Amino acid sequence: MHPDEAVTGVIAAIFDRFAVCGSVRGTWLWLRDQGLKFPLQPGAYVRGSEIIWTEPTYHAVHNVLTHPAYAGAYTFGRSRQERYADQDGTLRIRRRVLPQDQWEVLIKDHHPGYIDWDAYQANQHKIRQNIRPVAHQPGTGAVREGCALLQGLATCGTCGRKLSVYYDGEHKATPGYYCTGTGQLVEGRGTRHLRVGGVAIDNAVTAAFLAALEPVALQACLEAARQLEQGHDTALEQWRRQVEQARYNAARAERRYQAVDPDNRLVARGLETAWEKALTELAAAEAELARRQAARPAALTASERAAILALGDDLQAVWDAPTTTDKDRKQLLRTLLDEVGITICRDHDGGRADLILRWKGGAISDLTILVKRKPPRRLRTDEDTISLVRRLAVHYDDAKIAWILNRQNRRTPRGLSYTAGRVQGLRHYWGIPRHQDTADNQEGELLTVADAARELGLAPSTLHRWLSDGFIGGEQLTPGAPWRIRLTPSIRALFVDDAPAGWLAMLEATLAYGVSRQAIMQRVKDGRLRAVHVRTGRRKGLRIEPPKPQDGLF
């Protein structure tokens, strides 16, 4: 124990807060939220070394909660240095933390501690549980925000493995549990021997939990009322100590400044600056203490206390309250339950779930609930996609149809993207004939933009520009499908190697007609002006028919 009450106060606050939230990170965030400082002593083994107050770090809080010295124990040999050769043959040294049963020295009750040894062991067990879930190990994994209340507690009654959680439904908000075991082979396929919805199971376990909690409900409500009244007392007390420490630092800085020779300005200036800094820190600490005292929850009135005590008669209302999160419910279940074994017995119409609840302390209770067999989901492609495939199959093969459907962000009933094989299966199921290459030259050959550009000796970008400008017509069966152009003689006549004599380029046409470029393009699009595209030579591009000469008046 350090003689400074501010040091012992913040360390005691860390242990008190961890007992409430059960998380190292939660304790660290609470310290930061309350604005409490953490003590550091750089020269820990030097008598009289000064304490430095800094912002708390996660590592510092974790070290306080896991070091056995804070539980009054003396230890030696908690880690070991090992020499090993890496793959290159280089000799290296690593430090390995040893389990508790391999420590060289462990003397319990060696000195006064902040907690006893049993509380220390319970804290270490809780910290070890706040990790990522370990496969097949029940009770591991930090409490998460999902609505599956038995996450980390449910085990398979067949193989003993820890059950995994899945979420089903339209919004993925319906919990369920399944076993990751190998199961059995059915028709050459592996099936899980346990997969069950979790709503009925969670409700049954919750009812058993609330029934077990009912005898101590009044005591829990009284404890809640006490915490509401005194929730800020720990932080406020530490703030008072920090203000007292700041007041002492300011007084010490003042004494040092008063003791120096006024003529020794080299020293006096430095001491004066230190005094001003200490006064500023004192003013900030006093202002923060006043603010937090004003924000402290007021004492409960008689009516508010009566309302809280009345909750002891209706724990279900507290459990279902909007302010009670799923994370809170899971944490509450873990205070009484060690494990929930689930065994499913099914028949043709439904089945039952046999639950074995293992409580803290070794008590065991059995529950049996009925579970309904969920009807298989009927997979069906929507009518719009079927109609679109029916229209596209007249013009495209299966690979092109799959490409068009994926461009429109369409998916199969299982949520997969389309492939040529899946389109073929869809056609076969609905009796849609596949695409047949037929020659239809009544109005010209129907080609894609790339094939038409190759046929006309153009760049595909030029043909795309003419399509977007509306100079030539194209066909697109559905958004995302490739454009196709029917090469009629009139379209072929628009693309020539040499323009007719006298036809004008765009700049010359704007001067000859006395209008803007946009007006010329609109007249060409409307058919009021004739134009051709010269595809070769240095003067390739758009050529426009010149205006007809006007007869003179005289």
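Residues numbered from 1 in each chain as written. Predicted model: local features only at pLDDT ≥ 70, side-chain atom pairs only at ≥ 80, totals over all residues. Heavy atoms only, no water.

> Lay out the pattern of salt bridges with the relevant residues and their values.
On inspection of all chains with the given rule, the structure shows 16 salt bridges. In this structure, D338 engages K360 in a salt bridge whose closest nitrogen and oxygen atoms are separated by 2.9 Å. In this pair, D338 sits in strand 13 (residues 337-346) while K360 sits in the loop between strand 14 (350-359) and strand 15 (364-372), placing the two residues 22 residues apart along the sequence. By relative accessible area, which is 37% here, D338 ends up partly exposed. Overall, K360 belongs to the partly exposed group, its relative accessible area being 41%. Linked by salt bridges that have partners in common, E82, R94 and R96 make up one network. (Salt bridge = Lys/Arg side-chain N within 4 Å of Asp/Glu carboxyl O. Helix = DSSP H or I, 4+ residues; strand = E, 2+ residues; numbered from the N terminus. Buried < 20%, exposed > 50% of the residue type's maximum accessible area, 1.4 Å probe, protein only.)

> Please provide a residue-by-residue account of the sheet that holds strand 20 (residues 541-544), values included.
With mixed pairing, 3 strands are arranged side by side in an open sheet as 18-19-20. Both outer strands of the open sheet, strand 18 (495-496) and strand 20, are each paired with one neighbouring strand and no more. (Pairing = 2+ DSSP bridges.)

> Tell me what's going on with the side chain of T510, and back it up with residues and numbers.
By secondary structure assignment, the location of T510 is in helix 18 (residues 506-513). If we ignore the near neighbours within four places in the chain, the residues touching T510 are V515, S516, R517 and I520. (Contact = heavy atoms within 4.5 Å.)

> Run through the sheet that holds strand 8 (residues 164-168), naming residues and quoting values.
Across the sheet, 3 strands lie side by side as 8-9-12; this open sheet has antiparallel pairing. The sheet is open, and its two borders are formed by strand 8 and strand 12 (195-197), each paired with just one other strand. In this sheet, adjacent strand axes meet at a mean angle of 30° when their direction is disregarded. On the sheet, helix 5 (residues 199-213) packs against strand 9 (174-178) and strand 12 and is oriented at approximately 90° with respect to strand 9. (Axes fitted to C-alpha atoms, helices over the stretch in contact; angles between N-to-C directions.)

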